[in-house]
Amino acid sequence: MLIIGVLIALSVLVGLLTIRRYRAGTVVGFLLAPTILLLAGTSASAAIVPTVPLGTSANYSVLAGSTVTNTGNSTLAQSLGLWPGTSITGFPPGVVTPPGTTDNNNAAAQQAQSDLTAAYTNAAGRPIDATTTADLANLHLGAGVYAGPSHGALSLNGPLTLDGAGDASSVFIFQTNSTLITGSGSTVSLINGAQECNVFWQVGSSATLGTGSVFVGNILALTSITVNTGVTVHGRALAQNGAVTLDDDTFVAPSCATTTTTTTTTTVPPTTTTTTTAPGTPPGTGTTPPGTGTTPPGTGTTPPGTGTTPPGTGTTPGGTPIGGTPPGGGGGGGGSTILGTGTTSTTLGITTLGASTITSTIPSVVGTPFTGGGPPAGRGIPWPAMVLAALSAAAGVLGLVLRRRGPNRQSVQERS
Amino acid sequence: MTQHDSIGRYATVALALAAVLLAGTAITLTVTSSDATAPTATAGRGTAAAASAAAAAPVVGPKPTAALPVPAALVDSTLSLRAGPVPVPLKLQIPSISVDIPVLGVGITARNVMDAPEGPENDPVWQQAFWYRGSAVPGAASTALIAGHVDDPLGRPGAFAHIDLLRVGDLIVVHDARTGLDVRFSVTAAQTYSLAQAADPAVLTQIYGAGPVDGNGPTPSADGLAHLTLITCAGTFVNGTHDHRIVVYATRIA
């Protein structure tokens, strides 16, 4: 944007040189107009963070665009929707808890997708209050709009604390133009009145929730959402264009209580052992033998709410990181005592052939990956230069016209 | 100098500037096009490399993998191959082409091909490597497959833009960030395949190893050695994808 502004300013200068002695008023306007536009474009900082209105998409635990695939006994507290796709598989054994409904390619799902598009656009359009690290682990954030460096991929490989500062309408929006990937050892903690229904994750591509994790908030993904095995989601998985994939997951309607509560979410894969590891230990390096997990999954203490998002009336002061601590190297988040749960380390052990321990059915590959970014030509057209060229040409033509009119003007001046 | 002469001079300057900008734009587009068609040349070089590889023996002889340490498993064993990409604690280092990049563990797409994540033009995925979670851990006595993008949506070089320059004997290192272990491979061959060729089960088996093609996990290699395959796009962009793939084969040496 800055480059475009500079180029437009150059065009203005050319125009000024051409016509400055004839159209002083026009020149002033010519200079002021883009200046005002540029200033307007840079002054859009927001100190208030209203909630993101979900419309009818708030009625859904899961909403997808292409397919919904479930494995195992997933449970949805709210409705299941799909539009424009038609393939919902795995329900049953998956369960949609009444009064939730399964809306497969019907008008309700279509309307929900329309509302989701509006909500996504709303969330994506919010100016950020602060830039976070790409890994949100060990951050303690107040209400606000956040994005990682360059709006790049976000990950969560440790504890994240969202602090409502006593305001139940505090809104937390996380933006990424890329992926959101949470690790199996991640935790999200809401304190001081922060509420599950007011946490939004705007994901520009796809989201993946780590095995056994407990996640909080509304995922608004442009493409797909994969919820790995045994995840508890206090919120919604809403995918616009792609698939939602579930595997023995539990969706709880996000709470919207009016009282100040503290909700602690923990991450305990059922087949792993909870241990406390040294800070900075990379995830997945535990050496504890498998099999004796003592903490059951899904221990969130907040009861399911009504599943309806309140109208967009939240007025929360702009967010500022509250004493955020940079994540340690390796992102293991180990040793954190904020949640009192330590770190979950997945037992991996030594294996000879790596993925040979995968127990689920493995599809046969039938082709090679697509590893090109796009067509070789036709992209990257330098539009700013094109615009500048057009403006310069216009200024030149205008100058020539004025030149032709010059003698008449001069004669008028001479006559006067 | 009269006033209208001055105007005329400025007008001429403005028009000249416009002409220069338009010419610059044309040159830029031409250069962009040239850069983006590089994969075609890549394919040619890859084929040549393959031919030379067939005639040349590896510079450094491979060692039995059983005598070498193997990185621990890289992902949760319960993670589905249908799940999205996950970070793995590896770095891929290829000194001869100045590659030193992080690695994502990727699964399989709905079309049953290895995933290669994409994103906006400045997304880090264009400069990352993708280890196929259905293949072996690099260094194990089987076949590990790592892919990378040849370019990004703007045609700029991707992580694997220059693997066509690899020659037999070039070093490839897979670094385990957890332990500091460097698993070292030596390039043994390179080959460019058309999409049709690459869909052939025999070729797929060479690329992925036998297990993934048969619907199994990685299986022990017949020669007892640890193999690494690098793959990226090449050729011409046709019907939404490049029409060739360049594949570099390597064997563990240390």
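Overview of the structure. Sequence order as written defines the numbering, with residues in each chain counted from 1. Chains and ligands are labelled sequentially in the order written, the chains with letters from A and the ligands with numbers from 1. Per-residue local features of the predicted model are confined to residues with pLDDT of at least 70, and side-chain atom pairs are confined, for both listing and counting, to 80 or more; whole-chain, interface and lining totals are unaffected and use all residues. To obtain the side-chain values, all non-hydrogen atoms of the structure were included, while hydrogens and water were left out.

To continue, consider the overall build of chain A. Labels follow the DSSP assignment, with helices taken as runs of H or I lasting at least four residues and strands as runs of E lasting at least two, numbered in each case from the N terminus. Check the secondary structure of chain A and you find four helices and 25 strands. By definition in these notes, contact holds between two residues if any of their heavy atoms fall within 4.5 Å. When contacts within chain A are restricted to residue pairs at least 6 apart in sequence, long-range pairs at least 24 apart make up 62% of them. For every accessible area listed, the method is Shrake-Rupley and the probe measures 1.4 Å; residues are considered covered only by the protein chains on display. By element, 63% of the accessible surface of chain A is carried by carbon and sulfur atoms, the whole surface being about 16900 Å².

All names here are of chain B. Pairs of strands are assigned from DSSP output, requiring at least two bridges between the strands. Around the barrel, which closes on itself, the eight strands sit in the order β1-β2-β3-β4-β7-β8-β6-β5 with mixed pairing between neighbours. Geometrically, the sheet is characterised by an average inter-axis angle of 35° between neighbouring strands, direction not taken into account. Note that strand β1 (residues 86-94) and strand β2 (residues 99-106) share seven bridges and pair antiparallel. Directly across from P87, in β2, lies its bridge partner L104. Interaxial angles span 0 to 180 degrees and are taken between N-to-C directions of axes, which are lines fitted to C-alpha atoms, for helices over the stretch in contact.

Moving on: the nonpolar core. The definition of a nonpolar core used throughout is a set of buried Ala, Val, Leu, Ile, Met, Phe, Trp, Tyr and Cys residues joined through side-chain atoms within 4.5 Å. Each residue is placed in one exposure class: buried if its accessible area under a 1.4 Å probe, protein chains only, is under 20% of its type's maximum, exposed if it is over 50%, and partly exposed if it falls in between. Counting 43 residues, the largest nonpolar core has L160(A), L162(A), F174(A), W201(A) and I225(A) as the members making the most contacts within it. Ranked by the residues each element gives to this core, the list is headed by strand β18 (residues 214-221) of chain A, at four residues. One finds L92(B), I163(B), V174(B) and F185(B) within the second-largest nonpolar core, a separate group that totals 36 residues.

What follows deals with the pattern of salt bridges. Residues and elements named next belong to chain B. Take a side-chain nitrogen of Lys or Arg and a carboxyl oxygen of Asp or Glu: if they are within 4 Å of each other, that pair is a salt bridge. Per the counting criterion, the structure on display carries three salt bridges over all chains. Among the ionic pairs, D152 bridges to R156, the shortest N-O distance being 2.6 Å. Residue classification places D152 among the buried residues on the basis of a relative accessible area of 4%. Note that R178 is salt-bridged to D176, the shortest N-O span being 3.0 Å. Look at R178 and you get buried, because its relative accessible area is 18%. The buried category is assigned to D176, whose relative accessible area is 1%.

Moving on, we get to the environment of T182(A). Residues and elements named next belong to chain A. Position of T182 among the secondary structure elements: in strand β14 (residues 180-182). In sequence terms T182 and A137 are 45 residues apart; their C-alpha atoms lie 9.7 Å from each other. Look past the residues within four positions of T182 in its chain and what remains in contact with it is L156, T208, L209, G210, S213 and F215. For the purposes of these results, a polar contact is taken to be a pair of N or O atoms within 3.5 Å, where, inside protein, one atom must be able to donate a hydrogen and its partner to accept one; residues adjacent in sequence count only when each atom of the pair is a side-chain atom. From its side chain, T182 meets the backbone nitrogen of G210 in a polar contact 2.9 Å long.

Here we take up helix α4 (residues 201-208) of chain B. Residue and element names in this part refer to chain B. What α4 keeps buried is the set V203, L204, I207 and Y208. Projected down its long axis, α4 carries its buried residues within an arc of 115°, all on one side. Every exposed residue of α4 that faces more than 90 degrees away from the buried side is listed here: P201 and A202. For α4, the capping residue at the N-terminal end is D200, with a side-chain oxygen 2.8 Å from the backbone nitrogen of A202. G209 sits one or two positions beyond α4 and adopts a positive phi of about 90°. The arc in question is the one spanned by the directions pointing from the helix axis to the C-beta atoms.

Turning our eyes to something else, we now look at the sheet that holds β14(A). Residues and elements named next belong to chain A. The strand order across the open sheet built from seven strands is β5-β2-β21-β19-β17-β14-β11, with neighbouring strands paired in parallel fashion. If you trace the sheet from one side to the other, it starts and ends with β5 (87-89) and β11 (154-156), each paired once. Here the strands of the sheet are splayed against their neighbours by 5° on average, with no regard to which way each runs. In terms of strand pairing, strand β19 (residues 225-227) meets strand β21 (residues 244-247) through two bridges, oriented parallel. Looking across to β21, one finds that I225 is bridged to V244.

Moving on: the packing of aromatic side chains. Each aromatic ring pair is characterised by the separation of its centres together with the angle its planes make. Residues and elements named next belong to chain A. Between 30 and 60 degrees the pair is tilted, below 30 it is stacked and above 60 it is edge-to-face, where a pair is any two Phe, Tyr or Trp rings, Trp via its six-membered ring, whose centres lie within 6.5 Å. Counted according to the given criterion, the structure contains five aromatic pairs over all chains. Measuring from centroid to centroid gives 5.1 Å for W201 and F215, while their planes differ by 45°, and the two rings are tilted. Separated by 14 residues along the polypeptide, W201 in strand β16 (residues 199-203) and F215 in strand β18 bring together distant segments of the chain. Overall, the relative accessible area of 1% leaves W201 in the buried class.

What follows deals with helix α3 (residues 107-124) of chain A. Given 3.6 residues per turn, any residue in an α-helix points the same way as the ones three and four places further on. All names here are of chain A. In this model, α3 (18 residues) spans 26 Å end to end at C-alpha, consistent with the 26 Å of a helix rising 1.5 Å per residue. Of all the positions in α3, only A109, A112, Q113, D115, L116, A119, Y120 and A123 are classed as buried. You can read the cap of α3 off the contacts: a side-chain oxygen lies 3.2 Å from the backbone nitrogen of A108, and it is on N106. Helices are assigned an expected span. That span is 1.5 Å times one less than the residue count.

With the exception of glycine, most residues fall at negative phi, and the peptide bonds are largely trans. All names here are of chain A. Cis peptide bonds are those with omega within 30 degrees of zero, and the linkage from W83 to P84 qualifies with 5°. Position of P84 among the secondary structure elements: in the loop between β4 (79-82) and β5. A cis amide bond links F91 with the next residue in sequence, P92, at an omega value of -10°. You can see P92 is positioned in the loop between β5 and β6 (95-96). If you check the backbone angles, D248 has positive phi at about 55° while not being a glycine. With relative accessibility at 36%, the residue D248 sits in the partly exposed group.

All names here are of chain A. The buried fraction of β16 is high, at five of five residues. Both faces of β16 are covered, namely the face carrying V199, W201 and V203 and the face carrying F200 and Q202. Where strand β13 (residues 172-176) lies against β16, five bridges are found, and the strand directions are parallel. Counterpart to F172 in the pairing with β16 is V199.

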